[in-house]
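# Understanding the architecture of this molecule
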Amino acid sequence: MTHDALVAVARAVFEAAGGTPIDPDYVLPADIPLELSGEAVRARLCVFPDHRGADMVMRPDLTLPVAQREAARREAGEASAKTYTYAARAFRQPVAPDDQLEFTQVGLERFGYEAGAEADAELFALIHRAVEACGVQPSGVIMGDLAIFPAFIDALGLPGVTADLLKRAFRQEGGVRAVLDAAARPLEQEVAAVLDAADPAGALGELLLARSIPLAGGRSLAEIVEGLQARRAAIEAGGLSQPARAVLMALREVDCPLAEAAGALSALAEAHELRGAGAAIEALGARADAVLARVPAAVRTARFRTGFGRRFTYYDGFVFEVLAPGLEPTQPVATGGRYDGLIAGLANRRVSATGVGGVVRPDRMVRVRKGVS
Ligand SMILES: N[C@@H](Cc1c[nH]c[nH+]1)C(=O)O
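Residues numbered from 1 in each chain as written. Predicted model: local features only at pLDDT ≥ 70, side-chain atom pairs only at ≥ 80, totals over all residues. Heavy atoms only, no water.

As recorded by an unreviewed UniProt entry, the protein chain carries the name tRNA synthetase class II core domain-containing protein and is attributed to Hyphomonas hirschiana VP5.

### Remarks on the packing of aromatic side chains
Going by this rule: Each pair of aromatic rings taken from Phe, Tyr and Trp, with Trp reduced to its six-membered ring, is defined by centres within 6.5 Å and is described as stacked if the planes are under 30 degrees apart, edge-to-face if over 60, and tilted in the remaining cases. In DSSP terms, a helix is any run of H or I states spanning at least four residues, a strand is any run of E spanning at least two, and both are numbered starting from the N terminus. Think of it in three bands: with a 1.4 Å probe and only protein chains considered, a residue is buried below 20% of the maximum accessible area for its type, exposed above 50%, and partly exposed in between. Any Lys NZ or Arg CZ found within 6 Å of a ring centre and within 35 degrees of that ring's normal is scored as a charge over the ring.
For the structure on display, the rule yields 9 aromatic pairs. Taken together, a centroid distance of 6.1 Å and an interplanar angle of 55 degrees make the contact between Y26 and F91 tilted. Taken together, the residues Y26 in the loop between β1 (20–21) and β2 (27–29) and F91 in strand β5 (residues 82–91) connect sequence positions 65 residues apart. The partly exposed category is assigned to Y26, whose relative accessible area is 34%. Relative accessible area serves as the criterion here: at 7%, F91 is assigned to the buried category. Above the plane of the ring of Y26 lies R59, whose end atom (NZ or CZ) is 3.8 Å from the centre. One residue, R361, lies across the ring of F103, its end atom 3.6 Å from the ring centre.

### Some words on the site of the ligand
Defined as follows: We call a residue near a molecule or strand as soon as one heavy atom of that residue lies within 4 Å of the molecule or strand. Between N or O atoms, a polar contact is any pair within 3.5 Å; within protein, one atom must be a potential hydrogen donor and the other a potential acceptor, and residues adjacent in sequence are included only when both atoms are from side chains. For accessible areas, the Shrake-Rupley method is used with a probe of radius 1.4 Å. Any residue's cover is judged against the shown protein chains and nothing else. In this classification, the charged set is Asp, Glu, Lys and Arg, the nonpolar set is Ala, Val, Leu, Ile, Met, Phe, Trp, Tyr, Cys and Pro, and all remaining amino acids, among them Gly, are polar.
Inspection of the region around the ligand gives 16 residues, with D61, T63, R92, R311 and Y315 positioned closest. Within the side chain of D61, one N or O atom sits 2.7 Å away from a nitrogen atom of the ligand. The separation between an oxygen atom of the ligand and a polar side-chain atom of R92 is 2.8 Å. Protein chains shield 99% of the accessible area of the ligand, which is 300 Å² for the free molecule. For the shell around the ligand, the residue count by class is 5 nonpolar, 7 polar and 4 charged.

### Some thoughts on the side chain of R110
How we decide: Contacts were defined at the residue level, with two residues in contact if any of their heavy atoms lie within 4.5 Å.
Considering the arrangement of structural elements, one finds R110 in strand β6 (residues 102–111). Side chain to side chain, R110 and E122 meet in a polar contact 3.4 Å long. Once residues within four sequence positions are removed from consideration, R110 is found in contact with A17, K82, T83, E122, L126, Y339, T354, G355 and V356.

### Some points on the sheet that holds β1
Going by this rule: At least two DSSP bridges between two strands are required for those strands to pair. Axes, fitted as lines to C-alpha atoms, cover a helix only where it is in contact. Angles between the N-to-C directions of the axes lie from 0 to 180 degrees.
Read from one edge of the open sheet, 9 strands run β1-β5-β6-β12-β11-β10-β7-β9-β8, paired in mixed fashion. Either end of the sheet is taken by a strand with one partner, and the two such strands are β1 and β8 (255–257). Two strands pair when backbone bridges link them, and strand β7 (residues 140–145) and strand β10 (residues 318–323) are joined in this way by 6 bridges, in the antiparallel orientation. Looking at the pairing, M143 lines up with F320 of β10. Along the sheet face, helix α14 (residues 278–294) touches β7, β9 (302–305) and β10 and points at about 155 degrees away from the line of β7.

### A look at the UniProt feature "binding site: L-histidine" (unreviewed entry) in the protein chain
To be explicit about the condition: UniProt positions are given in the numbering used here, feature names are shortened, and annotations may be inferred rather than shown by experiment.
Here the UniProt-annotated "binding site: L-histidine" (unreviewed entry) positions come out as D61, L62, T63, R92, Q105, E109, R310, Y314 and Y315. Here D61 lies in the loop between β4 (55–58) and α4 (63–75). Contact partners of D61, with chain neighbours within four places excluded, come to A90, R92, Q105, F312 and Y314. Reaching out from D61, the side chain makes a polar contact with the side chain of T63 at a distance of 3.4 Å.

### Section: the pattern of salt bridges
Where we set the bar: We count a salt bridge whenever a side-chain nitrogen from Lys or Arg sits within 4 Å of a carboxyl oxygen from Asp or Glu.
Per the counting criterion, the structure on display carries 27 salt bridges. A salt bridge links R11 to E15, with the shortest nitrogen-to-oxygen separation between them at 3.0 Å. Here R11 and its partner E15 are both found in helix α1 (residues 3–16), 4 residues apart, which amounts to about one turn of the helix. The residue D340 makes a salt bridge to R338 at a minimum N-O spacing of 2.8 Å. The exposure class assigned to D340 is partly exposed, which follows from its relative accessible area of 26%. The buried category is assigned to R338, whose relative accessible area is 5%. Overlapping salt bridges bring together D120, D145, R287, R338 and D340 as one network.

### Focus on the packing of helix α7 (residues 160–170) against helix α8 (residues 175–183)
Each pair of packed helices can be summarised by the angle the axes make with each other and by the distance between the axes. It is the contact of α7 with α8, at a shortest axis distance of 7 Å, that shows an interaxial angle of 145 degrees. For the pair formed by α7 and α8, the contact residues are L165, L166, A169 and F170 on the first element and G175, V176 and V179 on the second. Taken together, the residues that form the contact of α7 with α8 break down as 6 nonpolar, 1 polar and no charged.

### Looking at the packing of helix α9 (residues 189–196) against helix α11 (residues 221–236)
We count it as follows: Reported orientations rely on four angle classes, namely roughly parallel under 35 degrees, roughly antiparallel over 145, roughly perpendicular from 65 to 115, and oblique for the rest. Handedness of a crossing is defined here by the sense of rotation of the near helix relative to the far one, left-handed for an anticlockwise turn of less than a right angle and right-handed for a clockwise turn.
It is the contact of α9 with α11, at a shortest axis distance of 10 Å, that shows an interaxial angle of 110 degrees. In this view, α9 runs roughly perpendicular relative to α11, as classed from their interaxial angle. Between α9 and α11 lies a crossing whose hand is left-handed. Across the interface between the two elements, V191, A192, L195 and D196 from α9 touch V225, L228, Q229 and R232 from α11. In terms of residue class, the contact of α9 with α11 is made up of 5 nonpolar, 1 polar and 2 charged.

Written as structure tokens, this is what we have:
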């Protein structure tokens, strides 16, 4: 099958699920995509100045512009639940030489339906069905749940600044490790002096220049200063106790078959007497059961990783990626997840609605079908 034939097959699966076709704006003001992309995607955004000098971005995915349309619809007084489907172009700098900068995502977004295990499993099953309908047998499925780490942090009863620092760090690759390392030693004197300067961002810029350290990861000086300030506050609040460190290290390492995830996390919580994480673990267990009931093949392919899921920071619950034979782990053929806070965030809290969705990548599936690596 050609690329366009796969697009049509996937699209038919989603349209049969009751989605309204949509093709939102291609070009967006850069601020919101920059804020909502994890570091990995942020570095791959296609940003350019428009005729007035304002930073614009080619849409890096469809979730964001579709959610913006939905937020506007709700602000105009419409409150009904709604499903959208699309077969539309998105733009990102390629992760691998065989990927294209411009590619088609065929996907589905659902707003305003009851959130829970069944809704997550139903969405995942649809995406999985679309992959199979395209003639691709997934070689692996990685699942995460962005509610688990914060639930453990809350259960640990850490000081507020430390808890916030860790939750933010979790959103960055290697962030928790860095906080754990950093919390054990005081801030360097020069760094402390930067934070005490009248213009900390300016002082940081000078320090980096003096030490020939380039700005990496797409974070601004102001954001780095904010992180350092939070780190200092956390150190002043007493750092991290040895038992708390042990829990977080063990939590980061949970990587097991989906069916075993809730059991592994419960055992960890019990070993450290953390009762507060129970509700989040139960929700994960219920979702795992619902997913495995709807997609029996996932018993063999699906794994759960606590640390998984930082491509976009709009996700706040279930997240997944579907992998296929011959492609790199950085090249999933399908991705998706839950983002219940996105509509409220885009609408400045004037309206809110649950959200969940996913996409398939026909360009990559064509290569899998050809057996090309
Ligand atoms: N927009 C996400 C996939 C997704 C759709 N809906 C929710 N998640 C991506 O490009 O990876």
